[in-house]
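Each chain is listed here by its residues.
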Amino acid sequence: MHCPYCNASETKVIDSRLAAEGAQVRRRRSCNSCQERFTTFEMVEVVMPRIIKSSGKIEPYDNEKLRRSILLPLQKRPITIDEQEAMISRIEKRVRQMGEREISSKVLGEIIMSELKTLDDVAYVRFASVYRDFQDIDAFHQEIANIRPNEKQSNETDK
Ligand SMILES: [Zn+2]
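None of these values were measured; they are calculated from a predicted model.

The rules behind each value
Residues numbered from 1 in each chain as written. Predicted model: local features only at pLDDT ≥ 70, side-chain atom pairs only at ≥ 80, totals over all residues. Heavy atoms only, no water. Helix = DSSP H or I, 4+ residues; strand = E, 2+ residues; numbered from the N terminus. Buried < 20%, exposed > 50% of the residue type's maximum accessible area, 1.4 Å probe, protein only. Contact = heavy atoms within 4.5 Å. Donors = N, O, S within 2.8 Å, 3.2 Å for Na, K, Ca; no water. Tetrahedral: all angles 85-135°; square planar, octahedral: opposite > 155°, others 65-115°. Pairing = 2+ DSSP bridges. Axes fitted to C-alpha atoms, helices over the stretch in contact; angles between N-to-C directions.

Caption draft 1: A look at the overall build of the chain. Scanning the chain from terminus to terminus reveals six helices and six strands. Along its sequence from the N terminus, the chain presents helices and strands in the succession β-β-β-β-β-α-α-β-α-α-α-α. Evaluated residue by residue, the chain yields a buried proportion of 32% over its 159 residues. Taking all contacts inside the chain whose residues are at least 6 apart in sequence as the whole, residues at least 24 apart take part in 46%.

Dropping the structure here:
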């Protein structure tokens with residue numbers, strides 16, 4: 001890393017410590033030429049690929065969208081928040097490990113399905129039965145957006 005003051009390329013690390021609860025390494029550096037000191041932060045680059053929808057439209061990966069799509073099939077299942085979060089991490093890890101800059105929403109849907117299958121049979125069947133009809137995770141998201149679980153039709157007849 002070049003010195004931000006004199007642009008010299010030789011700098012030395014004089015202190016190194018963890019920051020942001022271990023997610024970053026903070027390094028205090030000293031320039032060999034001008035002796036100025038500066039700080040650098042190092043962190044893991046977490047880049048999710050963009051998602052290619054069946055329409056051909058490309059969108060950035062959306063963590064909230066993923067959460068919403070597994071919330072419904074996991075409803076009233078004996079799955080803790082920790083288990084749910086761990087599954088989301090596994091899904092995102094698998095997606096990153098593909099090393100692609102773009103993946104299709106269909107591939108993402110398949111990964112979600114295989115992780116749900118490992119976690120909970122009922123949730124898997126719920127997800128798969130709906131998802132298979134759409135063959136595309138975006139169409140599935142759209143369907144979920146249209147479902148409002150708290151509004152029961154029976155409210156009308158109870159009056
Ligand atoms: Zn310098």
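Caption draft 2: Layout of the environment of I112. Residue placement: I112 occurs in helix α3 (residues 105-119). A sequence separation of twelve residues divides I112 from Y124, and the C-alpha atoms of the two residues are 9.1 Å apart.

Caption draft 3: Spatial organisation of the coordination of the zinc ion. Around the zinc ion, the donor atoms from the protein are C3 (SG), C6 (SG), C31 (SG) and C34 (SG), and they sit 2.3 to 2.4 Å away. Here the zinc ion is ringed by four donor atoms whose angles at the metal span 105 to 117°, and the overall shape comes out tetrahedral.

Caption draft 4: Seen up close, the sheet that holds strand β2 (residues 24-31). The strand order across the open sheet formed by three strands is β1-β2-β3, and the pairing between neighbours is antiparallel. With partners counted over all chains shown, the strands left at the sheet margins are β1 (11-19) and β3 (37-43), one partner each. Here the average twist between neighbouring strands, direction ignored, is 25°. Across eight bridges, the pairing between β1 and β2 is antiparallel.

Caption draft 5: Seen up close, the pairing of β2. The antiparallel hairpin formed by β1 and β2 contains four residues in its connecting segment, where A20 sits at a positive phi of about 50°. As paired strands, β2 and β3 are joined by seven bridges and run antiparallel to one another. By the bridge assignment for β3, Q24 is matched with M43. A loop of five residues connects β2 with β3, the two strands running antiparallel in sequence, and Q35 in this loop sits at a positive phi of about 65°.

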